[in-house]
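Notes for the structure review
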Amino acid sequence: MKRREFLTSSMSAALLAAIAPTFVSTRALAAETVKLGVMIPQSGPAGLFGPSCKNCTEMAVEEINKSGGILGKQVEVFYADAGGSPSDALKNAVRLYKGEKVDAFIGMHDSAVRGALTNLFKGEVPYIYTPIYEGGECAEGTYVLGETPAQQLAPVIPWLAKNNKVSKWYLIGNDYNWPRDSNAAAKEYIKAAGGEVVGEEYLPFSADNFDSSLAKIKASGADAVLITLVGGASVSFNRAFANFGLDKQALRLGTLIEENTLAGIGAENAARLYSSSGYFQNINSPKAAAFAERYYEKFGSDAPALNALGESCYDGVYLFKALANEAKGVAAEKIASASEGASFSSPRGNMTLTKGHVDKDIYLAEAVDGRFRVVETFENVPSGSTCS
């Protein structure tokens, strides 16, 4: 057993014994409800994504409740912060799990927290994990909506090699499993495209000075940089990158650079900046356009920008509805038996669960005048999941 797994498993057991029920409901609904625990970052490096996640969750719940709810019951939401350490997230999850006795969890948070929660749940409560991640999650009762490296990088790296003539890659990310595992996959895609990795480094979440990293990138001769920094760290790095003049030497590719991060970076600092994702708020489809219109009508023109991470929470609620309908219940074992092939309609298109993951269209977008402009679409890209 890995040290992280041992620690999170031990913490889970201790928390179950020690934490008394705490009620954190945002509103009181009828007694007969379906209870959803929603774990989103309300603090920490990923806190930037929290407001749009909450908005999109509220939209989905409101729509579903107006249409009759799930299995004839209204949906009640219980939010908890997942932006801190895995141990802090565990405490919050236990309050919902053992205190509020939620029927299912939806999680939009980092992979370290996901590992802690799968150790806590042990397949006994449905758990829908929505953000992009490193792939390979096959825990019982866990259903993944997010993009994997096989989707975000496998088709994109050769496209950039061909169309932008890049071959020397520098990899920089925060120091935890999502960047490290994503970059392990990226190295294979870079090699297959005829390129090479000329530098690789991982920084703590607290990093706020990137001078040393930028000097290394310049000296490496890199003509492309793959960024797996989170939230505020990504904003600060990309600003410094442009101020250092490196945008003239190398293009940038981010797999977690969405609309709010781009706004923080600023149009003036985003030359030759690309992002790979399964969703952007301006993708050209009637479903996406209708979703964006409803979002800004509900929350106003100054609402947190729509983005892939926020929208994934909307999808998470609808996936749970689809799973419950297929299972004709919300018990974990019923949902597990009925999960394969469960499908629902999303702003991204029709989504179908296969081996606990979802194949999907992937968009490569370039930052232009402070917004993302899709330059290539890769249709129905497999997740690369090998879960049975």
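Here the structure is a predicted model, which is why all the values come from computation and not from measurement.

Let us look at the overall build of the protein. Along the protein, the regular secondary structure elements total 13 helices and 15 strands. Taking 388 residues into account, the globule formula puts the C-alpha radius of gyration at 21 Å, and the protein, at 20 Å, falls close to it. In terms of its C-alpha atoms, the protein occupies a principal-axis envelope of roughly 60 × 45 × 40 Å. Taking all 388 residues of the protein together, the buried fraction comes to 55%. Taking contacts inside the protein between residues at least 6 apart in sequence as the whole, the part at least 24 apart equals 70%. Roughly 15,500 Å² of accessible area belongs to the protein as shown, and the carbon and sulfur atoms make up 49% of that amount. Taken as two groups, the 37 positive and 43 negative side-chain charges of the protein have centres that lie 2 Å from each other.

Before going further, it helps to spend a moment on helix H6 (residues 156-164). Those residues of H6 not exposed but buried are Val156, Ile157, Trp159, Leu160 and Ala161. Trailing H6 by a residue or two, Lys165 shows a phi angle of about 55°, which is positive.

For the rest of this paragraph, the subject is the sheet that holds strand E8 (residues 224-228). The 7 strands are arranged E7-E6-E8-E9-E10-E14-E15 in an open sheet whose pairing can be described as mixed. Since the sheet does not close on itself, it has two edges, and those belong to strand E7 (196-203) and strand E15 (371-381), each with one partner. Strand-to-strand, the axes of this sheet are offset by a mean angle of 20°, without reference to chain direction. Bridge count between strand E6 (residues 168-174) and E8: 5 bridges; the pairing is parallel. Paired with Ile172 across the two strands is Ile227, which belongs to E8. Sheet contacts for helix H9 (residues 232-243): E6, E8, strand E9 (251-254) and strand E10 (273-277); angle to E8, the most-contacted strand, approximately 160°.

In the structure shown here, the tally under the stated rule is 14 salt bridges. In this structure, the salt-bridge partner of Lys187 is Glu200, at a minimum N-O distance of 2.8 Å. Here the residue Lys187 occupies a position in helix H7 (residues 177-192), and Glu200 occupies one in strand E7, the gap between them amounting to 13 residues. Between Arg348 and Asp315 there is a salt bridge whose closest N-O contact spans 3.5 Å. Placement of Arg348 in the loop between strand E11 (343-346) and strand E12 (349-354) and of Asp315 in helix H12 (residues 308-327) is noted, with a sequence separation of 33 residues between them. Since its relative accessible area comes to 2%, Asp315 is described here as buried. What emerges from the salt-bridge pattern is a single network uniting Glu147, Glu311, Asp315, Arg348 and Lys360.

Overall, the coordinates contain 0 disulfides when judged by the stated rule. We note that Cys53 lacks a disulfide partner, and the nearest cysteine sulfur, in Cys313, lies 3.7 Å from it. Since its relative accessible area comes to 1%, Cys313 is described here as buried.

This paragraph deals with H9. Between its first and last C-alpha, H9 extends 17 Å over 12 residues, near the 16 Å set by a 1.5 Å rise per residue. For H9, the set of buried residues is Ala233, Ser234, Val235, Phe237, Asn238, Phe241 and Ala242. If you follow the buried residues of H9, they end up packed against E6, helix H8 (211-220), E8, E9, helix H10 (259-265) and E10.

Per the domain assignment, the segments making up the protein are domain 1 (34-147 + 283-354) and domain 2 (151-277). Applying the counting rule to domain 1 against domain 2 returns 0 salt bridges. Along the contact surface separating domain 1 from domain 2 lie 2 residue pairs in polar contact (both at pLDDT 80 or more). Broken down by secondary-structure element, the contributors of at least two residues to the side of domain 1 that touches domain 2 are helix H4 (111-121) and H12. Here the residues of the side of domain 1 that touches domain 2 are counted per class, giving 12 nonpolar, 4 polar and 3 charged.

Cut-offs and rules
- Residues numbered from 1 in each chain as written.
- Predicted model: local features only at pLDDT ≥ 70, side-chain atom pairs only at ≥ 80, totals over all residues.
- Heavy atoms only, no water.
- Helix = DSSP H or I, 4+ residues; strand = E, 2+ residues; numbered from the N terminus.
- Rg over C-alpha atoms; globule rule 2.2 N^0.38 Å.
- Buried < 20%, exposed > 50% of the residue type's maximum accessible area, 1.4 Å probe, protein only.
- Contact = heavy atoms within 4.5 Å.
- Areas by Shrake-Rupley, 256 points an atom, 1.4 Å probe, with all protein chains shown as cover.
- Lys, Arg positive; Asp, Glu negative; His and termini not counted.
- Charge placed at Lys NZ, Arg CZ, Asp CG, Glu CD.
- Pairing = 2+ DSSP bridges.
- Axes fitted to C-alpha atoms, helices over the stretch in contact; angles between N-to-C directions.
- Salt bridge = Lys/Arg side-chain N within 4 Å of Asp/Glu carboxyl O.
- Disulfide = S-S within 2.5 Å.
- Expected span 1.5 Å × (residues − 1).
- Domains from an automatic or database assignment.
- Polar contact = N/O pair within 3.5 Å; in protein donor to acceptor, adjacent residues only side chain to side chain.
- Nonpolar A, V, L, I, M, F, W, Y, C, P; charged D, E, K, R; others polar.

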